[in-house]
Amino acid sequence: MNSKTIGSLLILGTILTMGVWMVFGLSSDNMSSAEKLKVFIENKTQVQIVTLVTSLGFICLVLGLYYSTRNLLDNILSEIGGLLLIASLPLMIALNMSDIVALEMEKQFSNGADVLTAASAFEYLFLTFMGGIFLIGIGLTLERKFRGIIGVLLAITSGLALLSSLGLDLDMLDFIGWLGTWVLMLVTGVLFFLQKEIKKSK
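Residues numbered from 1 in each chain as written. Predicted model: local features only at pLDDT ≥ 70, side-chain atom pairs only at ≥ 80, totals over all residues. Heavy atoms only, no water.

J.: Mind showing me how you'd approach the packing of aromatic side chains here?
T.: Both the distance between ring centres and the angle between the ring planes are used here to describe each pair of aromatic rings. Counted according to the given criterion, the structure contains seven aromatic pairs. Taking 5.3 Å as the distance between ring centres and 75° as the angle between the ring planes, the aromatic pair formed by Tyr66 and Tyr67 counts as edge-to-face. With relative accessibility at 30%, the residue Tyr67 sits in the partly exposed group. Among the aromatic side chains, those forming a connected cluster through ring pairs are Trp21, Phe58, Phe129 and Trp182. (Phe/Tyr/Trp six-rings, centres within 6.5 Å; stacked < 30°, edge-to-face > 60°. Buried < 20%, exposed > 50% of the residue type's maximum accessible area, 1.4 Å probe, protein only.)

See below:
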């Protein structure tokens with residue numbers, strides 16, 4: 001897979017995930033499962049569209065990151081990071097789709113809140129996702145790809161997001177970690193898209 005295709009996947013994936021969440025996502029922070037379900041029922045169509053679009057975005061993003069480690073990078077840490085992302089993708093999609101499942105289960109069996117409660121127990125899967133991105137950032141740094149700057153920043157922001165996923169309250173650093181990681185993945189996609197084609201030697 002060439003650099004333009006990989007860059008396009010990263011750009012599209014970032015826009016379809018974080019971009020869509022920021023613009024169209026429903027705020028349900030600090031809500032109980034029952035409260036979330038009530039909000040989801042009131043905005044059913046929006047929930048369904050956002051969930052399907054962001055799931056597609058996750059697929060594009062992970063494939064872009066994975067193939068970047070296979071085709072454009074030559075570092076064992078990057079490759080391990082790519083494998084972690086691929087391994088986490090099915091579970092991440094399942095977790096993301098839990099909102100739609102909860103709506104259907106509530107409609108048929110009136111236990112949608114139980115589905116949301118169960119799904120919340122698997123949010124630690126973001127550790128695997130962010131761990132993969134962290135290793136790719138380290139790999140970018142060691143290879144001095146894009147002068148190493150993007151790799152250093154990506155490792156720092158994804159590292160902060162990892163700490164946040166572990167339950168550490170980092171205040172403003174939480175926001176910087178999560179948003180910074182997504183912005184840097186978008187920037188990485190643009191840089192891959194613009195770079196001249198260089199075949200990775202095996």
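J.: Would you explain a nonpolar patch on the surface in this entry?
T.: Residues Ile15, Leu186, Val190, Phe193 and Leu194 make up a contiguous nonpolar surface patch of about 400 Å² in total accessible area. Considering every element that reaches the nonpolar patch, the biggest residue donor is helix α9 (residues 172-194), with four residues. Along the chain, Phe193 falls in helix α9. Look at Phe193 and you get partly exposed, because its relative accessible area is 31%. (Patch = residues over 30% accessible without salt bridge, like charges linked within 9 Å, V, L, I, M, F, W, Y side chains within 5 Å. Areas by Shrake-Rupley, 256 points an atom, 1.4 Å probe, with all protein chains shown as cover. Salt bridge = Lys/Arg side-chain N within 4 Å of Asp/Glu carboxyl O. Helix = DSSP H or I, 4+ residues; strand = E, 2+ residues; numbered from the N terminus.)

Any link to function would need more than the numbers given here.
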